Amino acid sequence: MSIIQVENLSIKFRIYHDRSPSLKDYFANIFKRQNQSAYSDFLAVKDVSFKIRAGDRVGIVGHNGAGKSTLLKALCRVYESSDGLISVDGRIAPLLEIGAGFHPEFTGRENIYLNGSILGYSKQQIREVEPEVISFAELEEFIDTPVKYYSTGMYMRLAFSLATAIHPDILVLDEIFAGGDAAFLVKAKARMHDLINKADIMIMVSHDHELVKLLCNRVIWMDHGELVADGPPEKIVERYLVGKINE
Amino acid sequence: MKTDAHSFFRELNNSRNVLYQLVAQQLILRYRRTMLGYLWTLINPLLMMSVMAVVFSTLFKADLKTFAVFLFSAMIPWNFFSSVVTQSGTSFINNEGLIKKIYLPKIIFPLSIIFAILIDSALSFFALFAIILMIGGSLSWAVFFIPVAYILLFFFSLGLGLIVSVATVFFRDLQYVILIAMQGLFFLTPIVYKHDSLAGKVAWLVGLNPVVPFIELFRAPLSMAILPSPRVILQTSMLSIFAMTVGLFVFLRQEKKIVFRL
């Protein structure tokens, strides 16, 4: 069974005030003590701890810049923790940015293989899901056309179909219910729900509080990188909305 | 540390498919929608080297055919080495979008570059080898040493490429420094001239140049039809091991910081 454990997690970013350090600066700074540093450290996630067990459907709420996406990316190993521990047990799917790694010059089919491999699918797996991905994206006619000629909707449909083609143990979502026309949206939502139902663990970041209440059985509220509250969706979303009004 | 190395190689093994796709991407994209397509990979170095052969053989009053073989045999390792070092510099920067969105073992980016260059280099080697035979180069058993030479050159270049790829993320100026350094190094490497002909004040620079024995490694079997001397083989093996050790050390220590500095 899948399990996620996060202990005292902190993620530090270095914010450069003017520009990235050049070789010249580096050597100049060896010899002269700096009075003011060219950068400052910024903690996007501060000392966060939680444990997610199989069956948990976790929604993360908080205003912009609260560290929600950074936390998700840390779970997917994009960012290394500066402090603390993350342990993830189970196959995790990086559904953070759909279509990352698509190459505009490649045809739809070539992108299925390229992007599929980036998503961690084996060649065998990609070959198996290929026909289903193409028919779900309704791109049979254009699958051998370079994706730079695709419309935004076509592009989104292909990326979505591919990213959701294989069922992961742990599903990580960052606001991706967009793309495509009304008919496709209905289909996509059904597929998404199916994916969520089959996953051991689902973690999502969303500003759509109704959706969070609908899909999640637990909500984590983050504010300025800190975990403020963790509990049942109705209660936490309520508190979060009130908190925002009082600010 | 032992488990680190273990998981590093296991992860690399699991990423074979991505690596394959990234290499294919580079090879396919370069000449897509051009009429001659992949042939450009062969035409480009062949034309370049032919011009050089004509110019320098006239300049040095050497026999064109002999000089062409002499030059080609050194240009193959040089082009491989300099392409790897210069292109590694941008391997992370060019894939910033991907690195910031999805976790992939970082080493596959410089690796994909070196494999793509290796394939190009091997193909142009076959083309040049055909030409060497046609214009009367001597064919000998020593040619079978070439794969070994490639392996040694591969690890030497990869080691340096790893250092450059990481260092460029931290110091962006390095991309330009390396371009200039490579031009300088070209002239300090006995490619268009014989090893002993650059005498005088700068001779010691050639002596320090680590690329020199790798040139010998290719030149001996191709141009002189003999095996490289044991001294050269030993030297290049040591250099390869040293470059790989330092390269992996630097890479593994800085790997996790890369995403924060892109």
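Each value, and the rule that gives it
- Residues numbered from 1 in each chain as written.
- Chains lettered and ligands numbered in written order.
- Predicted model: local features only at pLDDT ≥ 70, side-chain atom pairs only at ≥ 80, totals over all residues.
- Core = buried A, V, L, I, M, F, W, Y, C linked by C-beta atoms within 7 Å.
- Buried ≥ 20, exposed ≤ 12 C-beta atoms within 10 Å, placed from the backbone.
- Domains from an automatic or database assignment.
- Contact = placed C-beta atoms within 7 Å.
- Helix = DSSP H or I, 4+ residues; strand = E, 2+ residues; numbered from the N terminus.
- Nonpolar A, V, L, I, M, F, W, Y, C, P; charged D, E, K, R; others polar.
- Pairing = 2+ DSSP bridges.
- Axes fitted to C-alpha atoms, helices over the stretch in contact; angles between N-to-C directions.

### A closer look at the nonpolar core
Ranked by internal contacts, the top residues of the largest apolar core, which has 132 residues, are A:Leu75, A:Ala159, A:Leu171, A:Val172, A:Ile203, B:Leu71 and B:Phe72. Lining this core are residues from two domains, each supplying at least three of them: domain 1 (3-90 + 205-246) and domain 2 (95-199) of chain A. Beyond its immediate chain neighbours, meaning those up to four positions away, A:Leu171 contacts A:Ala93, A:Leu95, A:Leu195, A:Ile196, A:Ala199 and A:Met202.

### Quick look at the interface of chain A and chain B
Often, the extent of an interface is quoted as the loss of accessible area upon association of its parts. On the side of chain B, 20 residues touch chain A, which itself brings 24 residues to the contact. Secondary-structure elements contributing two or more residues to the side of chain A that touches chain B are strand S1 (3-16), helix H1 (23-31) and helix H3 (108-118) of chain A. When residues of the side of chain A that touches chain B are assigned to their parent elements, the largest contribution, four residues, is made by H3(A). Each residue belonging to the side of chain A that touches chain B can be placed in one class, and the counts come to 12 nonpolar, six polar and six charged.

### Observations regarding the domain arrangement of chain A
Residue and element names in this part refer to chain A. Under the domain assignment, chain A is made up of domain 1 (3-90 + 205-246) and domain 2 (95-199). At the interface, 11 residues of domain 1 touch seven residues of domain 2. In terms of residues, the side of domain 1 that touches domain 2 owes the most to one element, helix H2 (residues 68-75), which gives four residues. Of the residues in the side of domain 1 that touches domain 2, the class split is seven nonpolar, three polar and one charged.

### Overview of the sheet that holds strand S2 (residues 39-53) of chain A
All names here are of chain A. A sheet is described by the order of its strands in space; here three strands give the open sequence S2-S1-S4, paired in antiparallel fashion. Edge positions in the sheet fall to S2 and strand S4 (83-89), since each has one partner strand and no second. Between one strand axis and the next, the sheet turns by 30° as a mean value, whatever way the strands run. By the bridge criterion, six bridges tie S1 to S4 in an arrangement that is antiparallel. Residue pairing across strands places Gln-5 opposite Ser-87, the latter belonging to S4.

### What to know about unusual backbone geometry
Although it is not a glycine, A:His224 sits at a positive phi angle of roughly 50°. You can see A:His224 is positioned in the loop between strand S8 (218-223) and strand S9 (226-231). Taking the number of C-beta atoms within 10 Å as the measure of exposure, A:His224 has 14 and is therefore partly exposed. Phi at B:Ala225 is positive, roughly 60°, even though this residue is not glycine. Structurally, B:Ala225 is set in the loop between helix H10 (212-223) and helix H11 (230-254).

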